[in-house]
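# Architecture at a glance
Okay, here's what each chain looks like letter by letter:
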Amino acid sequence: MYKSLLLFIALLLSGVISNAQDFKRKTEKLLDKSQSALASRNWEGALRYMDEAVASEPDNFQVHLEKAVLYYSVKDISKMLPSLKRAYQLNETWKSKYHEFYFILGKESFEKGAYEFAKGPITNYLEKGYNKQSLKLSKVIHESIGFAMRELKLAKGKDFKIKQIEASQVFRSIYFPFFTLYPEDNLYFTAQRTGSLEEGIYRAELTGNKFKRLEEIPNINSDRNNEGAAAISADGRVMVFTSCNRQDGYGGCDLYISYKRSNEWSAPENLGSTINTGAWESQPYLSSDGRLMIFSSNRKGGLGKRDLYYSVLAHDGLWGIAKNLGSGVNTFADETSPFLSLNEDSLYFSSNGRVGMGGFDFFKVDWQSKLNPTNIGLPVNSYKNEISYHQKLDGSTYWAREHESDDKYPPAQILYTEGRTKTD
């Protein structure tokens, strides 16, 4: 492992010596010292010599690129970006060995909402890049930049009155909101308490944007496992939810079902092999009559990373074998958090594989045809990740948006707009 790492770093940094004519003699020596320190696993020394090299030639775009290479060697993308941005500001034309960095700079800038700046490096990559997967994604990003800038132009001067549920003092993260039809004022959601690693399912009444009568769902949440991303039938009697690493699970995260009897939820039952696999199954939706289920899974045989699947409840009470929703909905990337409109004519879902504002956006597609999804745009979508969607009977829209974070699982907050929007 150690030898492989050194070889990898040496290949990345080989350009420093072979292109010494690009730097002053002093800078060249400092870059050599930085490379030697890194090869000796002396990160502090490698960074110190690199900073001195940058100070030696602050207006030489290539020394900033070499600093970016240094951070890339330890996969610290956040520290790498300022060096790439500075290099691009000094000179937009880079040598071929740096061309892959056009993609990283463009993608990361786009995902932070810096659309105007992202356009340049992404265009350069489309002209000069060679990685097929990166080129495929660059085409989506290039189209997305145009879409996002048009959306922002149309929204200029408008006040969408987006509100946020106040929950930060109780929960680190809340997402996957939904309301039962009876009674509609009960909000169900998935949450991670502040200072805790486990997630659970909660419900509350809302007074404006504040919780009222907040409680955990009895008999559903466990002490040692994560529960979340649930759906409840229109009559409030059937719940399907996600739980991970239970003893009766098939592996990873599975879907479970529970029934409300005498105002208490029954012990959860695994939905079985027609629904669950050894992969990840999560984020279910139940139709108003409780006979159609849509969910997301990264199981083998899909079209992308995470696809949407559906299953129909047969008359004998058994769920049918889950089927992929197909290429009209699913992409090479991720599709998650399905929601079917109350009249069941439109499917809403989240995807990061289509033209949008950045990250995960919400899309709308005709449920019967399942073709040509459209991005619902502002005010719901943004350059951040929108990861779950729900509409109330009055047309108010609720959704979750992830905060910017270096965490593996970034915190999320539930936002909403009252009344109908252009998403309807």
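Summary of the structure given here. Since we're looking at a predicted model, the values are computed, not measured. Here the residue numbering is sequential within each chain, running from 1 through the sequence in written order. Only residues with pLDDT of at least 70 get local features here, since the model is predicted, and only at 80 or more are side-chain atom pairs given and counted; chain-wide, interface and lining totals rely on the full set of residues. Note: side-chain values were computed over all heavy atoms of the structure, leaving out hydrogens and water.

## Let's talk about the side chain of Asn375
In this fold, Asn375 is placed in strand β18 (residues 374-375). Relative accessibility decides the category of a residue: with a 1.4 Å probe and only protein chains considered, values under 20% of the type maximum give buried, values over 50% give exposed, and everything between is partly exposed. Take Asn375: its relative accessible area is 16%, and that puts it in the buried class. Any N or O atom pair separated by 3.5 Å or less is treated as a polar contact, with the protein-specific requirement of one donor-capable and one acceptor-capable atom, and with residues adjacent in sequence counted only for side-chain atom pairs. Among the polar contacts listed, one links the side chain of Asn375 to the backbone oxygen of Val355, at a separation of 3.2 Å. Within the local environment of Asn375, its side chain forms a polar contact with the backbone nitrogen of Gly377, the two atoms lying 2.7 Å apart. Residue contacts for Asn375: discarding those within four places in its chain leaves Phe147, Val355, Gly356, Met357, Asp361, Phe362, Phe363 and Asn381. Strands are runs of DSSP state E lasting at least 2 residues, helices are runs of H or I lasting at least 4, and numbering of each runs from the N terminus. Any two residues whose heavy atoms approach within 4.5 Å are treated as being in contact.

## Topic: the pairing of strand β5 (residues 210-216)
Where strand β4 (residues 199-207) lies against β5, 5 bridges are found, and the strand directions are antiparallel. Within the sheet, the bridge partner assigned to Leu206 lies in β5 and is Phe211. In this antiparallel pair of consecutive strands, β4 and β5, the connection spans 2 residues, and Gly208 shows a positive phi of 65 degrees. Strand pairing is assigned whenever DSSP detects at least two bridges linking the two strands.

## Let's talk about the environment of Ser222
Among the structural elements, Ser222 can be located in the loop between β5 and β6 (227-232). Note: C-alpha distance between Ser222 and Glu199 (23 residues apart in sequence) is 9.6 Å. When near neighbours in sequence (up to four residues on either side) are disregarded, Ser222 contacts Glu227 and Arg246. Here Glu227 takes part through its side chain, which lies 2.7 Å from a polar atom of the side chain of Ser222.

## Some details on the pattern of salt bridges
We define a salt bridge as a contact between a side-chain nitrogen of Lys or Arg and a carboxyl oxygen of Asp or Glu at a distance within 4 Å. The full count for this structure, using the stated rule, is 15 salt bridges. The partner of Lys95 in a salt bridge is Asp22, and the shortest N-O contact between them spans 2.9 Å. Pair noted here: Lys95 is in the loop between α6 (77-90) and α7 (99-111) and Asp22 is in the loop between α2 (15-18) and α3 (25-39), with a separation of 73 residues, a long-range link. Note on Lys95: relative accessible area 33%, which makes it partly exposed.

## Concerning the sheet that holds strand β19 (residues 386-391)
Sheet architecture is open: 4 strands sit in the order β1-β21-β20-β19, paired in antiparallel fashion. Either end of the sheet is taken by a strand with one partner, and the two such strands are β1 (163-164) and β19. In terms of strand pairing, β19 meets strand β20 (residues 397-402) through 5 bridges, oriented antiparallel. Across the sheet, Tyr389 pairs through a bridge with Trp399, a residue of β20.

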